[in-house]
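# Structural overview
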Amino acid sequence: MNKNILVSGGAGFIGSHVCKLLNQKGYTPIVIDNLSTGYKEFVKWGPLIKADIQDKKAVKDLIQKYEPIAAMNFASYINVGESVQNPSKYYVNNVANSTIFFETLVENNVKNVVFSSTAAVYGNPIQDKIDESHPYLPVNPYGQTKLMMEQILKDFSTAYNSKYVIFRYFNATGSDPELEIGESHYPETHLIPLVVDALQGRRESITVFGDDYDTADGTCVRDYIHVLDLAEAHVLGVEHLLAGKDSCIMNLGNGNGFSVSEVIDVVKKVSGKEIPVTSGSRRDGDPGTLVASSKLAKDILNWSPKITSLEDMVNPVIQWREKWFRKN
Ligand code: UDP
């Protein structure tokens, strides 16, 4: 049996880290990415097919050529604030185009799928640590698009006998310790890379979006999870499907919440430098606190995060961004 795995969005932040680990584990990632937000330099461990996921001919051709044994889907728009301002972009790409992609997969007999979902499907939490039984009440279109895709994958599974592992990510961060790839998004909107940019002088300051939330210091609390831990879960997830086990949906987080102010303080501490900080208003669509219970991923996949301190998450991002912007 070949060990080719189709990876949509493999030129992006999480997708590229998963491709590196897939390669280390003996698989070949076959990347399809339109490079609208990804980087061709991030595709190092297998071929890159530059195409849209809704391009049925391109997807069919690459399936016929490489005969992938499974697929992973990272190609989607991911910015909460933008999804509130421009929902149509999110529904068209994350739902309509993704559905066409999954349709092409099942039509061509690729029936094992690992899908990236999000903690944003839960909305404002009603329990301290969110587990998978928490109600689904997304408060922004981004979360809504992912919830719709989860349902679509369930319906596909019933109708077409396909199988899925769905991961609900909390806040992905960190970077490859060898600095071959790292945390970069285009455009950059994520907290940790932006704090690092303020540290390294690529922006004047970091703006804290809201300091009147119902949290210990008033700033938003998020559960940051290192991208290497996410990558490991994806390999375990695809192997779960390839072993013929059941479809499932799991949270991936580290189980600890850190506030925006704590993130800024840790970057200051590890660098020994000051960072200019300004106060801003709340960002549309942001819940105050999101922290995961990842017990189910432990039970099903025997996965648990290995990199749990904020220091160990921000350090590689500091090193990576210094290197990346020296070159780019
Ligand atoms: N955030 C902030 N300033 C920024 C970017 C983000 O205060 O310039 C906050 C944001 O409101 C959220 C947290 O940092 O509470 C994490 O945001 P990010 O965009 O990194 O990830 P998200 O939670 O949207 O997936």
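The present account deals with the structure reproduced in this document.

## What to know about the site of the ligand
The full set close to the ligand counts 16 residues, and Leu191, Thr207, Phe209, Arg283 and Asp286 are the nearest of them. Measuring from a nitrogen atom of the ligand, one finds a backbone N or O atom of threonine 207 at 2.7 Å. Burial of the ligand by the protein amounts to 91% of the accessible area it has alone, namely 520 Å². Mapped onto the shell around the ligand, the elements with two or more residues apiece are helix 6 (191-199) and strand 8 (206-209). At 4 residues, the largest contribution of residues to the shell around the ligand is made by strand 8. Looking at the shell around the ligand, its residues break down into 9 nonpolar, 4 polar and 3 charged.

## Regarding unusual backbone geometry
The phi torsion of most residues other than glycine is negative, and most of the peptide bonds are trans. For the peptide bond that leads from tyrosine 186 to proline 187, omega is -5 degrees, which places it in the cis range. Of note, the phi angle at asparagine 109 is positive, near 70 degrees, even though the residue is not glycine. By the element assignment, asparagine 109 lies in the loop between helix 4 (87-107) and strand 5 (112-118). For asparagine 109, a relative accessible area of 60% gives the class exposed. Positive phi outside glycine occurs at asparagine 161, with the angle close to 65 degrees. Relative to the assigned elements, asparagine 161 resides in the loop between helix 5 (141-160) and strand 6 (163-169).

## As for the sheet that holds strand 1 (residues 4-8)
On the basis of which strands lie adjacent, the open sheet formed by 7 strands has the order 3-2-1-4-5-6-11 and parallel pairing. Edge positions in the sheet fall to strand 3 (48-50) and strand 11 (248-252), since each of these pairs with one other strand and no more. Averaged over all neighbouring strand pairs, the angle between strand axes comes to 20 degrees, with direction disregarded. Alignment of strand 6 against strand 11, held across 5 bridges, turns out to be parallel. Paired with phenylalanine 167 across the bridge in strand 11 is methionine 250. The strands that helix 5 touches are strand 5, strand 6 and strand 11; relative to strand 5, the one it contacts most, it runs at about 155 degrees.

## Some details on helix 10 (residues 310-327)
An ideal rise of 1.5 Å per residue puts 26 Å on 18 residues; helix 10 measures up with 26 Å between its terminal C-alpha atoms. Looking only at helix 10, the buried set comprises Leu310, Met313, Val314, Pro316, Val317, Ile318, Trp320, Arg321 and Trp324. Those residues of helix 10 that are buried lie in contact with strand 7 (171-173), helix 6, strand 10 (224-226), strand 12 (258-259) and helix 8 (260-271).

## A look at the packing of aromatic side chains
Summed over all chains, the structure comprises 10 aromatic pairs. Both rings, one in phenylalanine 102 and one in phenylalanine 115, keep their centres 5.9 Å apart while their planes meet at 70 degrees; by these two values the pair is edge-to-face. Of this pair, phenylalanine 102 sits in helix 4 while phenylalanine 115 sits in strand 5, and the two are 13 residues apart along the sequence. Both residues of the pair, phenylalanine 102 and phenylalanine 115, belong to the buried class. An aromatic cluster is built from Tyr39, Phe42, Trp320 and Trp324, whose rings are joined through pairwise contacts.

## Let's talk about the nonpolar core
Ile5, Ile14, Leu22, Met72, Phe167 and Leu252 are the most contacted members of the largest nonpolar core, which totals 42 residues. Listed by contribution, the elements that provide at least two residues to this core are strand 1, helix 1 (13-24), strand 4 (70-73), strand 6, helix 7 (227-242), strand 11, helix 9 (295-301) and helix 10. Not counting chain neighbours up to four residues away, the residues in contact with phenylalanine 167 comprise Val114, Phe115, Ser116, Ser117, Thr118, Ala233, His234, Gly237, Met250, Leu252 and Leu301.

## As for the pattern of salt bridges
Scanning all chains against the criterion turns up 20 salt bridges. In this structure, the salt-bridge partner of aspartate 176 is lysine 20, at a minimum N-O distance of 3.1 Å. With aspartate 176 in the loop between strand 7 and helix 6 and lysine 20 in helix 1, this pair connects stretches of sequence that are 156 residues apart. The same class applies to aspartate 176 as to lysine 20, namely buried. In this structure, the salt-bridge partner of lysine 269 is glutamate 311, at a minimum N-O distance of 2.9 Å. Here glutamate 311 lies in helix 10 and lysine 269 lies in helix 8, a separation of 42 residues in the sequence. What you see here is one network of salt bridges that share partners, running through Lys20, Asp176, Glu178 and Glu180.

## Let's talk about the sheet that holds strand 9 (residues 221-222)
Strand pairing in a sheet takes place through backbone hydrogen bonds and is either antiparallel or parallel in direction. Strand order in the open sheet formed by 3 strands is 12-9-14, and the pairing between neighbours is mixed. A strand with exactly one partner marks an edge of an open sheet, and here the two such strands are strand 12 and strand 14 (289-290). Inspection of the sheet shows strand 9 paired to strand 14 by 2 bridges, in the parallel sense. Bridge pairing in strand 14 places arginine 222 opposite leucine 290.

## Regarding helix 6
Counting buried positions along helix 6 yields 9 of 9 residues, so the element is predominantly enclosed. Looking at the residues trailing helix 6, positive phi occurs at glycine 201, about 80 degrees.

Cut-offs and rules
Residues numbered from 1 in each chain as written. Predicted model: local features only at pLDDT ≥ 70, side-chain atom pairs only at ≥ 80, totals over all residues. Heavy atoms only, no water. Near = heavy atom within 4 Å. Polar contact = N/O pair within 3.5 Å; in protein donor to acceptor, adjacent residues only side chain to side chain. Areas by Shrake-Rupley, 256 points an atom, 1.4 Å probe, with all protein chains shown as cover. Helix = DSSP H or I, 4+ residues; strand = E, 2+ residues; numbered from the N terminus. Nonpolar A, V, L, I, M, F, W, Y, C, P; charged D, E, K, R; others polar. Buried < 20%, exposed > 50% of the residue type's maximum accessible area, 1.4 Å probe, protein only. Pairing = 2+ DSSP bridges. Axes fitted to C-alpha atoms, helices over the stretch in contact; angles between N-to-C directions. Contact = heavy atoms within 4.5 Å. Expected span 1.5 Å × (residues − 1). Phe/Tyr/Trp six-rings, centres within 6.5 Å; stacked < 30°, edge-to-face > 60°. Core = buried A, V, L, I, M, F, W, Y, C linked by side-chain atoms within 4.5 Å. Salt bridge = Lys/Arg side-chain N within 4 Å of Asp/Glu carboxyl O.

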